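Now for the letters of each chain:
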Amino acid sequence: MPAISVIIPVYKVERYLDACIASVAGQTFADLEILLVDDGSPDACPALCDAWAQKDPRIRVIHRQNGGLSAARNTGIEAAAGRFLAFVDADDLLEPDTLRRAYEAQAVTGADLVIFNLRYVDETNTPLPTPDFSQFRDEVLTPDEVWQRYFSLAEQRIYYVVAWNKLYRAELFRTLRFRSGKRYEDQFLLPGLLAQCRTVACLGWPGYRYVQRGGSIMAQGSSRNYLDRSEFLLEWCGYFAAKGDVLRAEGLLNDAICNLSEKHRFTLSTPAQRRRYRAACRGCAAAYAALARRTGQASMRLRAALLRLGLPVYLKFLHSRQ
């Protein structure tokens, strides 16, 4: 059994793939298996993956029909044999000592999850000055403390939420999977992930090079333009309500409502998209009703009732209170 399974989803990244795999295969920590999940890539990537497997016995290639990033990661999770898992996006790079440092931090702290720092670089691998992640230091946190750090940050909160700057106990994924068909799949995963952790070891050392390129998923505009954002905010609202943090839950719910009120941002050109938008609006009403039942607050019952009448009615109510 390898110590660490490194899962690399591969799709339309032939320009970057060799450098990525080389950065993983060249780690100073060698007790690895490297799973290259070819997600039906239509370019030279499948052949490049197979060539790497011929060169390094630690590399396994899984060719699958295209299903998206989450589905490819899930395929890797199900095939992984390691005691720990790590994810690397195929257009990014690891520093040579990253996995050794993460593995040793886990051994010292016993943490269920290790987070290592990151650095933004351009397509020539030149470090970018912003965002600046130099504020992060080595520390061991509880899940509640991770959430506190997350909500206290702006651009740097990516440190806590993304999938690829982490070393995970494999047991965390016994039932947990990335949400297929969703953008911001990391945000959908985070509550269920942290709920299983006792402690999280955080490292200030920047072990991940996050390459900024024009065609990447994360370069495709503001998260507020996609219904996925409102949907994960609603799920987070339910998570914090169940934990008894009503104030945080209501704040997340109001953020979802605010996002949905910017209806012009969304592409609602098909019946399916319009149904999804309406379902999110109904979800806001249901979330306020659940908070009202939990707290007994009449103001929350009123908000739930107004949201059931429709988002425009609720927005008029808010405007009248200004």
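Fair warning: this is a prediction, and the values are worked out from it, not measured in the lab.

A. Local environment of the packing of aromatic side chains. Under the definition given, this model contains 30 aromatic pairs. Consider the rings of Y150 and W236, whose centres lie 5.5 Å apart with planes at 70 degrees: the pair is edge-to-face. Of this pair, Y150 sits in helix α5 (residues 143-151) while W236 sits in helix α8 (residues 227-242); the two residues are 86 residues apart in sequence, bridging distant segments of the chain. The two residues Y150 and W236 agree in class, both being buried. Judged by centre distance (4.4 Å) and plane angle (20 degrees), the rings of W164 and Y208 are stacked. A residue pair is termed long-range when its members are at least 10 positions apart, and W164 in the loop between α6 (158-161) and β8 (166-169) and Y208 in strand β9 (residues 200-211) qualify at 44 residues. Every member of this aromatic cluster is reached through a ring pair, and the members are Y120, F133, F136, Y159, Y160, W164, Y208 and Y210. Seen from the ring of Y150, R157 lies directly overhead, with NZ or CZ sitting 4.4 Å from the centre.

B. Representation of the pairing of strand β2 (residues 32-39) in the model. For β2, the tally of buried residues reaches 8 of 8 residues, placing the bulk of the element in the interior. Side-chain alternation along β2 places L32, I34, L36 and D38 on one buried face and E33, L35, V37 and D39 on a second face that is also buried. Between strand β1 (residues 4-10) and its parallel partner β2, the chain crosses via helix α1 (residues 14-25), and the hand of that crossover is right-handed. Note: β2 against strand β3 (residues 59-64), 6 bridges, orientation parallel. Along β3, the bridge assignment pairs L36 with V61. For the segment spanning β2, helix α2 (residues 45-55) and β3, crossover handedness is right-handed.

C. Structural view of the pairing of strand β4 (residues 84-87). Burial along β4 is two-sided: F84 and A86 and L85 and F87, pointing in opposite directions, are all buried. Taken together, the 4 bridges between β1 and β4 define a ladder with parallel strand orientation. Looking at β4, one finds that I7 is bridged to F87. Inspection of the sheet shows β4 paired to β8 by 2 bridges, in the antiparallel sense. If you follow L85 over to β8, its bridge partner there is Y168.

D. Representation of the UniProt feature "domain: Glycosyltransferase 2-like" (unreviewed entry) in the protein. Mapped onto this structure's residue numbering, the UniProt feature "domain: Glycosyltransferase 2-like" (unreviewed entry) falls at residues 5-146. Each end of residues 5-146 is marked by a C-alpha atom, and these two atoms are 25 Å apart; helix forms 35% of the span and strand 27%.

E. Representation of a positive patch on the surface in the model. A cluster of basic side chains, namely K263, R274, R275, R278 and R282, defines a positive patch on the protein surface. Note that K263 resides in the loop between α9 (246-261) and α10 (271-295). Judged by its relative accessible area of 46%, K263 falls in the partly exposed class.

F. The arrangement of the environment of Y11 in detail. Looking at the element boundaries, Y11 is found in the loop between β1 and α1. Taking the C-alpha atoms as reference points, Y11 and A90, separated by 79 residues in sequence, lie 8.0 Å from one another. Discounting chain neighbours no more than four positions away, the residues touching Y11 are D39, G40, S41, P42 and N66.

Basis of the calculations
- Residues numbered from 1 in each chain as written.
- Predicted model: local features only at pLDDT ≥ 70, side-chain atom pairs only at ≥ 80, totals over all residues.
- Heavy atoms only, no water.
- Phe/Tyr/Trp six-rings, centres within 6.5 Å; stacked < 30°, edge-to-face > 60°.
- Helix = DSSP H or I, 4+ residues; strand = E, 2+ residues; numbered from the N terminus.
- Buried < 20%, exposed > 50% of the residue type's maximum accessible area, 1.4 Å probe, protein only.
- Lys NZ or Arg CZ within 6 Å of the ring centre and 35° of its normal.
- Right-handed = clockwise from strand over helix to strand, strands pointing away.
- Pairing = 2+ DSSP bridges.
- UniProt positions renumbered as here; feature names shortened; annotations may be inferred.
- Patch = residues over 30% accessible without salt bridge, like charges linked within 9 Å, V, L, I, M, F, W, Y side chains within 5 Å.
- Areas by Shrake-Rupley, 256 points an atom, 1.4 Å probe, with all protein chains shown as cover.
- Salt bridge = Lys/Arg side-chain N within 4 Å of Asp/Glu carboxyl O.
- Lys, Arg positive; Asp, Glu negative; His and termini not counted.
- Charge placed at Lys NZ, Arg CZ, Asp CG, Glu CD.
- Contact = heavy atoms within 4.5 Å.

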